Amino acid sequence: MAAHILLVEDEVKLARFVELELSSEGYRVSVAHDGMSGLSLARESEPDLAILDWMLPGLTGVELCRRLRATGSKVPVILLTARDEVGDRVTGLDAGADDYVVKPFSIEELLARIRAHLRRTQEADEDLAQFEDLSLNRRTREVHRGERAIDLTAKEFDLLEYLLNHPRQVYTRDQILEKVWGYDFMGDSNIIEVYVRYLRLKLEEKGEKRLIHTVRGVGYALREQ
């Protein structure tokens, strides 16, 4: 599906020009001409990237960005502005903006920056696996239950990642042994039960609900309680 871009720009002609260029590149575009409308659109449509003019009526682009970040939004934000002082750049970046394009700008440069940010977002999404309040980062090998970091051994991580690849799917013990321990594993098949117990202890350490469930006579699945 084409990436969805939110453009908030009060100069109507400029907004229309950028909208047409983005549409011709295959992006879906939503446009607002003031800060409050832009904030509402951002919350309703959850865009893949936002382009915000600094000087907007009602709510500046910087304040709009700050409010988005306060709600936990991680959408990449590019600020458009005629302000080119170092202090202005710092203000925009401190508000949570990811990039800064000075007016007048080249549309080719803006498109290149959009592609770069969307590419990084896509790569980050591929690294991250999530289910309920459990998250696993394949690149950094970090695991969290909500905000709580969970320290796993290499094999515990591999087992959890395998179960997370397809939540709710039931995996047999043979499938788990083959994929997590390998074809040539010669140890006791009870190793799976041992590691599932280790994982449960760590994932439920603070009283969290169970996510790894035993399917009697079959195997295990990561699913809701």
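Treat the numbers as computed from the prediction; the structure is a model and nothing was measured.

Caption draft 1: The overall build of the protein chain, seen in detail. Secondary structure summary: the protein chain contains 8 helices and 12 strands in total. By its C-alpha atoms, the protein chain is 70 × 35 × 30 Å across when sized along the principal axes. Within the protein chain, the fraction of its 225 residues that count as buried is 43%. Sequence-distant contacts, at least 24 apart, represent 56% of the contacts inside the protein chain between residues at least 6 apart. Total accessible area computed for the protein chain in this model is approximately 12,400 Å², and 48% of it derives from carbon and sulfur atoms. In the protein chain, 32 positive and 41 negative side-chain charges are present, and the distance between their average locations comes to 5 Å.

Caption draft 2: Representation of the packing of helix H7 (residues 173–181) against helix H8 (residues 191–203). Contact pair H7 / H8: the axes reach a minimum separation of 10 Å and the direction vectors enclose 80 degrees. With respect to H8, the axis of H7 lies roughly perpendicular. Residues Arg173, Ile176, Leu177 and Trp181 of H7 pack against Ile191, Ile192, Glu193 and Tyr195 of H8.

Caption draft 3: Main features of the packing of aromatic side chains. On inspection of all chains with the given rule, the structure shows 4 aromatic pairs. With 4.3 Å between their ring centres and 40 degrees between their planes, Tyr162 and Tyr171 make a pair best called tilted. By relative accessible area, Tyr162 is classed as buried at 13%. Under the relative-accessibility criterion, Tyr171 is labelled buried at 3%. Ring centres of Trp181 and Tyr195 lie 5.5 Å apart, and the angle between their planes is 70 degrees; this geometry places the pair in the edge-to-face category. Of the two residues, Trp181 is situated in helix H7 and Tyr195 in helix H8; the sequence distance between them amounts to 14 residues. For Trp181, a relative accessible area of 13% translates into the label buried.

Caption draft 4: Region of the structure containing the domain arrangement of the protein chain. Splitting the protein chain by domain gives domain 1 (4–126) and domain 2 (132–222). On a C-alpha basis, the centres of domain 1 and domain 2 stand 39 Å from each other.

Caption draft 5: The arrangement of the sheet that holds strand E12 (residues 219–222) in detail. Sheet architecture is open: 3 strands sit in the order E10-E12-E11, paired in antiparallel fashion. Lying at the two open borders of the sheet, with one neighbouring strand each, are strand E10 (171–172) and strand E11 (212–215). Examined bridge by bridge, E10 and E12 share 2 bridges and lie antiparallel to one another. Its bridge partner being in E12, Thr172 is matched across the sheet by Gly219. Across the sheet, helix H6 (residues 154–165) is in contact with E10, E11 and E12; its angle to E12 comes to roughly 70 degrees.

Caption draft 6: Region of the structure containing unusual backbone geometry. Cis geometry marks the peptide bond from Lys103 to Pro104; its omega dihedral reads -10 degrees. Topologically, Pro104 is positioned in the loop between strand E5 (99–102) and helix H5 (107–127). In this structure, Glu132 takes a positive phi of about 55 degrees despite not being glycine. When you line up the elements, Glu132 lands in the loop between strand E6 (128–131) and strand E7 (134–137). With a relative accessible area of 41%, Glu132 lands in the partly exposed category.

Caption draft 7: The arrangement of the sheet that holds strand E8 (residues 142–145) in detail. Overall, antiparallel pairing links the 4 strands, which are arranged E6-E7-E8-E9 in an open sheet. Two strands lie at the open edges of the sheet, namely E6 and strand E9 (148–150), each paired on one side alone. Averaged over neighbouring strand pairs, the angle between their axes works out to 20 degrees when direction is ignored. Across 3 bridges, the pairing between E8 and E9 is antiparallel. Opposite Val143, over in E9, you have Ile150 as the bridge partner. Relative to the sheet, H6 contacts E6, E7 and E8, its axis offset from that of E7 by approximately 115 degrees.

Rules used throughout
Residues numbered from 1 in each chain as written. Predicted model: local features only at pLDDT ≥ 70, side-chain atom pairs only at ≥ 80, totals over all residues. Heavy atoms only, no water. Helix = DSSP H or I, 4+ residues; strand = E, 2+ residues; numbered from the N terminus. Buried < 20%, exposed > 50% of the residue type's maximum accessible area, 1.4 Å probe, protein only. Contact = heavy atoms within 4.5 Å. Areas by Shrake-Rupley, 256 points an atom, 1.4 Å probe, with all protein chains shown as cover. Lys, Arg positive; Asp, Glu negative; His and termini not counted. Charge placed at Lys NZ, Arg CZ, Asp CG, Glu CD. Axes fitted to C-alpha atoms, helices over the stretch in contact; angles between N-to-C directions. Parallel < 35°, antiparallel > 145°, perpendicular 65-115°, else oblique. Phe/Tyr/Trp six-rings, centres within 6.5 Å; stacked < 30°, edge-to-face > 60°. Domains from an automatic or database assignment. Pairing = 2+ DSSP bridges.

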